[in-house]
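A structural walkthrough
Residue-level listing of the chains:
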Amino acid sequence: MEVLKEKVEEEEAAEREEAAERAERGEKIMRPPEVQQEGTIMTQEMLRDLEKRLSEIEITNVPERGSIITKDTIDTFKLPLSYQSNTLKEEHLLQVADNFSLQYSHLCPDRVPLFLHPLNECNVPKFVSTTIRPTLMPYPELYNWDSCAQFVADFLSMVPLSDPLKPPSHLASSTTVIKYQKGNCFDFSTLLCSMLIGSGYDAYCVNGYGSQALCRMDLTQEVCPLTVKPKKIVQEKEMAPPKKYSIKPPRDLSSKFEREQEMKKQKEIKAEEERRLREEEACLQEVENANTDPLHGLRVYSWVLVLSGKREVPESFFIDPFTARSYSTQDNHFLGIESLWNHKNYWVNMQDCWNGCKDLVFDLGDPVRWEYLLLGTDKPHLSLTEDDDNDLIDDDDVENLDKEEEDKSFDMPHSWVEQIEISPEGTKTLETQEWYQNREDMLELKHTNKITGLIIDYFKPGHPQALRVHSYVSMQPEMDRVMEFYEKARVDGLIKREETPHTMTEYYQERADFLSYRHVNFGPRVKKLALNSAESNPRPMVKITERFFRNPAKPADEDVAERVFLILEERVQLRYHCREDYITASKREFLQHTEVDSKGNKIIMTPDMCVSFEVEPMDYTKKLLYQYEAMMQLKNEEKVSRHQAWESELEVLEILKLREEEEEAHTLTISIYDTKRNEKSKEYRETLERVMHEERLRQVEAQLDYLAPFLAQLPPGEKLTHGQAMRLKDECLNDFKQRLIDKANLIQARFEKETQELQKQQQWYQENQVTLTARDEDLYLSYCSQAMFRIRILEQRLSRHKELAPLKYLALEEKLHKDPRLVELLRIFV
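1. Comments concerning helix α13 (residues 624-665)
- When the terminal C-alpha atoms of α13 are compared, their 61 Å separation across 42 residues agrees well with the 62 Å that a helix rising 1.5 Å per residue should span.
- In the segment just after α13, His-666 is the residue with positive phi, at about 55°.

Below is the structure:
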C-alpha cells in the first residue's frame, strides 16, 4: 500500500507540473490528462509484495438487501451466453471505463465514484450503456413517451434501493425485469429509456440525486389529477363591423354606484381568497420544514432525460419512471446529476449543482460542461470562433489532434440484452370494453368482467325494446340480470327491472296509477318439464309487493303506500301514506277466503276478516260493507298484478330472444344516402333504371321505322291504296334483297383479295427462298398465319350469311304482312 501511495503522490506532482507549464503557455485543457505511468517503474519484488498483500484481503459477497435478482431466484444457465460472459470488445470497453474512472478520481477526488459497470443478474460486469436495448414496441399505444412511461409505472412494482446513498451494485437486464415485474429506479429508467430510444426520442438515463418524496414515490403533497378541472377555452366572439344604418343600442340605465360597489366587493373576495391561499402555503411550508430530510441532497435516484429536437419535442424535460409524471428541468425534486448515458456514450456532469438542476445546461457537445467517455459521439463539439481557433490551434496541432482522435476512437459494442418483448401471455385480462357504432340494435358499449363473467351492454336511444343498459351473466332466462330502459320511450313508465332465479323487481315512474315499485317472489314449479318457461310452465307467484307514490287527489288515510299480496296465505296487507306532521300511518290487513265453502254456501263477511290500525278512526271504515267492497276490489287488483307480472316474464323472454338474434346478425345501419352499401336503396334504384331502360328501348323502336324511306315517296296525308301497298311491299323486299346480295359480294371480294395477296407472298417466297434471312422467314411465317386467319374468318362469315339471308328475307316478308299499316290492304289481296 505504501508503494501505491508513493506512486499516486508522484503522479499528482507530475500532473501539477504539467498543468503549470500549460498555464504559462496559455493552453486550454479540453480533456483530463491521461495518467502517466512512465514516471514510476515497479520492480518484480514490488509487484510480488503487492500481490501478496492483495491476496490477504478477504472479500465476502454480501447479498444486497432489496435486490430482486439473485442466483437463488433465477436459473442463470437458461440465460443467453451474452448474459454470462463478455466479448473481447466488451472487455476492452471495461478497460477503457476503468481508465476513465481512474483519471476522474484523480481530477475530482471529492466526487463519488462513477456508476459505470455494475454486475448483471449473472454477476458479470456490464457497461451501463450496453444494458440499454433500444426497442420499438409493436403496439401503437406505446409509441409516445407518456404511454410508455405509464406502462412502465403500471407494469413494474417499485423496490427501493438497499442503500439510499449509493447506486445499486447490480443492474439486471430489461428482459429479466419484465419477467419479474419489479425493480429499483435504475431498472425502471433503463427499461423506459430503451423504449423511448426505440420510439425515436433522444432519451438518456440519469444518475443523480432526488428529493425524499421522489425516491419514495410519495405523492401526498401533490395535487390529485382527478380533482383538477380542465380549463374551459373561452372563444372570443368576433365583433361584426358596424353597419351604416344600424339601430342605436338602448341607453345603459344601470347604476354606476352599484357597479362600483360590486367591483369593490369582488376585489375584497379576491383578496380574501389570496390571503387564504397564502396561509395554506405557509402552513404547508411549516409542515415541510418540520419534516426536514436529514439526507436531503444525498439520496441517489435515477430518472430519464428527454432532450428537445427529435419527435418534435420542443423543450427538454425529466420523466419520473416510478410515477410516469413529467417534470421541468428546473423542478425542485431533482437536486443534482452525477452522470447520464444512452446506448451510444456516457457523459459526466462537470457543472456545479449547488442550485439543483436549475442552472444546468444540457448541451452534451460541450466538453467543458459534460465530459464524455468515448470519442466519436454523435453530439457536436462546442463551436469556437475563428479567432479562438487561430489563437489556440495551428495546422500542425490540428493534424496531430485528428490522428490522436483516430487512434483513440472506440465504438460502443452492441447491447448484450436480448430483444425486449411484451406479450399478453404474462398478463391477465380483468376487464374488456368494446365500443360500437352504426349498429342496428343501437349497441354502443359492451363491458365484460373476465373474473365474474358479468357483461354490461349499453344502448343508445332507439332500441325496439327501449333498452338502455343490460347487465347479465348468461342469456338463459330466469338468471341474474338487470335491465334499464329509456322511460320516455315506454308507455308503462318502466325504468329498471332486476331479475333473479326466485324474484323479479321493477321500478316505475310517472304512471297514472302512481305505481313506483313491484317486487314478485316466485316459488318452485309444481310440474317438472324438460323445458320450463314463463309461457309453457310459468313459475308460481308466492308474494307480490307494490309501492305507490303519493296521490295528492286522495286523503293520506285512503292513499295506499304499500300493498302486499300473500298469495299462498290468502292475505293482503295495506299500508297507507302518512299524514303531514304525523309519525305513524294507517294499516289494514284482509283475510281473503273463497266466496263459497265446500258445500257451495256463500261466506258472509265477518269483522275478523279485516284487521286495521287507523290513526284517526272513521265511522264508515268500520262498516262491513265498506270492508267487503275493499276486499273485492283488492281481489281484482291482485289478478291484474299477477297478470302484469306474467307479462313482464314474457317480455323478458322476448327481449332475450331478440338480443340473441341481434348478436348473431350484427346488422349495421346504412344511411339512405350511402347508395353503394344500402341494399334496399340499391335494389329500388336498379328497378327504376331497368324500367327506364325498357321504356327507352320502346321509344327507340318507335322512332326507327323501316318503312319510312318508302312512305316518304308518297304524297303526304294521302291514304294508302291496295296498289300502293303492294308496290311498297315489293320495293321494301327488293331493297332488302339487294342489301343482302351487296353484303355477300363485299365479303366475297374481301375473301378473294386476301387469297390473291397470300398467293403473291407464297410465290415471292418460292422465288427468294434461298436468299432469305432468318428475320425475313419469321416475317413471312407471321404474315401467312395472319392471312390464313383472316381468310378463315371471311369464309365463315360468307357461309353464315348464305345460311341466314333466306331466313331474314322470310322474316321481313312476314313482318310486312303483320304491319298494322299494310295488314288490311294485303289481306284483301290474299
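2. Observations regarding the sheet that holds strand β3 (residues 202-210)
- The 7 strands are arranged β6-β5-β4-β3-β7-β8-β9 in an open sheet whose pairing can be described as antiparallel. Looking at the sheet topology across the chains shown, the edges are occupied by β6 (325-328) and β9 (370-372). Here the average twist between neighbouring strands, direction ignored, is 35°.
- Two elements, strand β8 (residues 346-349) and β9, share 3 bridges in a ladder whose sense is antiparallel. What sits directly across from Val-348, in β9, is Glu-371.
- Along the sheet face, helix α8 (residues 185-198) touches β3, β4 (300-307), β5 (317-320) and β7 (334-341) and points at about 10° away from the line of β4.

3. Concerning a positive patch on the surface
- Where like charges cluster on the molecular surface, the positive patch consists of Arg-739, Lys-743, Arg-750, Arg-797, Arg-800 and Lys-808.
- For Lys-808, the position within the fold is in helix α17 (residues 774-818).

4. Side note on the packing of aromatic side chains
- Applying the stated criterion across every chain, the model contains 19 aromatic pairs.
- Note on Trp-341 and Tyr-346: the rings are 5.7 Å apart at their centroids and 10° apart in plane angle, and the pair reads as stacked.
- A relative accessible area of 1% places Trp-341 in the buried class.
- The ring of Phe-485 carries the charged tip of Arg-490 above its face, separated from the ring centre by 4.6 Å.
- In this structure, Arg-539 is placed above the aromatic ring of Phe-522, and the distance from its NZ or CZ to the ring centre is 3.9 Å.

5. Digging into the packing of helix α16 (residues 722-767) against α17
- Where α16 contacts α17, the two axes come as close as 9 Å, and the packing angle between them is 170°. One finds that α16 runs roughly antiparallel with respect to α17. Considering the relative orientation of α16 and α17, their crossing is left-handed.
- Residue composition of the contact of α16 with α17, by class: 21 nonpolar, 6 polar and 12 charged.

6. What about the side chain of Ser-339?
- Examined against the element boundaries, Ser-339 turns out to sit in strand β7.
- Assessed through its relative accessible area of 0%, Ser-339 is described here as buried.
- Separated by 2.8 Å, the side chains of Ser-339 and Tyr-346 make a polar contact.
- With residues up to four places along the chain from it excluded, the contact list for Ser-339 reads Cys-205, Val-206, Asn-207, Tyr-346, Trp-347, Val-348 and Asn-349.

7. Here we look at the pairing of strand β13 (residues 467-472)
- By the criterion of burial, β13 is predominantly enclosed, with 5 of the 6 residues buried.
- As paired elements, strand β12 (residues 455-459) and β13 share 4 bridges and run antiparallel to each other. Note on β13: the bridge partner recorded for Ile-455 is Tyr-472.
- Here β13 pairs with strand β14 (residues 481-485) via 5 bridges, running antiparallel. From the neighbouring strand, His-470 faces β14, where its bridge partner is Met-483.

8. Examining the environment of Arg-216
- When you line up the elements, Arg-216 lands in the loop between α9 (212-215) and α10 (256-290).
- On a C-alpha basis, the gap between Arg-216 and Met-158 in space is 9.0 Å, while along the polypeptide they are 58 residues apart.
- Discounting residues that sit within four places of it in the chain, Arg-216 has contacts with Met-158 and Arg-299.

9. Side note on the packing of helix α6 (residues 145-155) against α8
- Two elements in contact, α6 and α8, have axes whose closest approach is 10 Å; the angle formed by their N-to-C orientations is 150°. The angle between α6 and α8 places the two elements in the roughly antiparallel class. The crossing of α6 and α8 is right-handed. Contacts from Trp-145, Cys-148, Ala-149, Phe-151, Val-152 and Ala-153 of α6 reach α8 at Phe-188, Leu-191, Leu-192, Met-195 and Leu-196.
- Grouping the amino acids of the contact of α6 with α8 by side-chain chemistry returns 11 nonpolar, no polar and no charged.

10. Details of the environment of Ser-415
- When you line up the elements, Ser-415 lands in the loop between α12 (395-408) and β10 (431-435).
- Residue classification places Ser-415 among the partly exposed positions, given a relative accessible area of 22%.
- The spatial distance from the C-alpha of Ser-415 to the C-alpha of Lys-344 is 9.9 Å, given a sequence separation of 71 residues.
- Among all residues touching Ser-415, those that are not within four sequence positions of it are Thr-130, Thr-131, Ile-132 and Arg-133.
- Here the side chain of Ser-415 touches Thr-130 through a polar contact of 2.6 Å, landing on its backbone oxygen.
- In this structure the side chain of Ser-415 is engaged in a polar contact, spanning 3.2 Å, whose partner is the backbone nitrogen of Val-417.

Quick notes on the rules
- Residues numbered from 1 in each chain as written.
- Predicted model: local features only at pLDDT ≥ 70, side-chain atom pairs only at ≥ 80, totals over all residues.
- Heavy atoms only, no water.
- Helix = DSSP H or I, 4+ residues; strand = E, 2+ residues; numbered from the N terminus.
- Expected span 1.5 Å × (residues − 1).
- Pairing = 2+ DSSP bridges.
- Axes fitted to C-alpha atoms, helices over the stretch in contact; angles between N-to-C directions.
- Contact = heavy atoms within 4.5 Å.
- Patch = residues over 30% accessible without salt bridge, like charges linked within 9 Å, V, L, I, M, F, W, Y side chains within 5 Å.
- Areas by Shrake-Rupley, 256 points an atom, 1.4 Å probe, with all protein chains shown as cover.
- Salt bridge = Lys/Arg side-chain N within 4 Å of Asp/Glu carboxyl O.
- Lys, Arg positive; Asp, Glu negative; His and termini not counted.
- Charge placed at Lys NZ, Arg CZ, Asp CG, Glu CD.
- Phe/Tyr/Trp six-rings, centres within 6.5 Å; stacked < 30°, edge-to-face > 60°.
- Buried < 20%, exposed > 50% of the residue type's maximum accessible area, 1.4 Å probe, protein only.
- Lys NZ or Arg CZ within 6 Å of the ring centre and 35° of its normal.
- Parallel < 35°, antiparallel > 145°, perpendicular 65-115°, else oblique.
- Left-handed = near helix turned anticlockwise from the far one by under 90°.
- Nonpolar A, V, L, I, M, F, W, Y, C, P; charged D, E, K, R; others polar.
- Polar contact = N/O pair within 3.5 Å; in protein donor to acceptor, adjacent residues only side chain to side chain.

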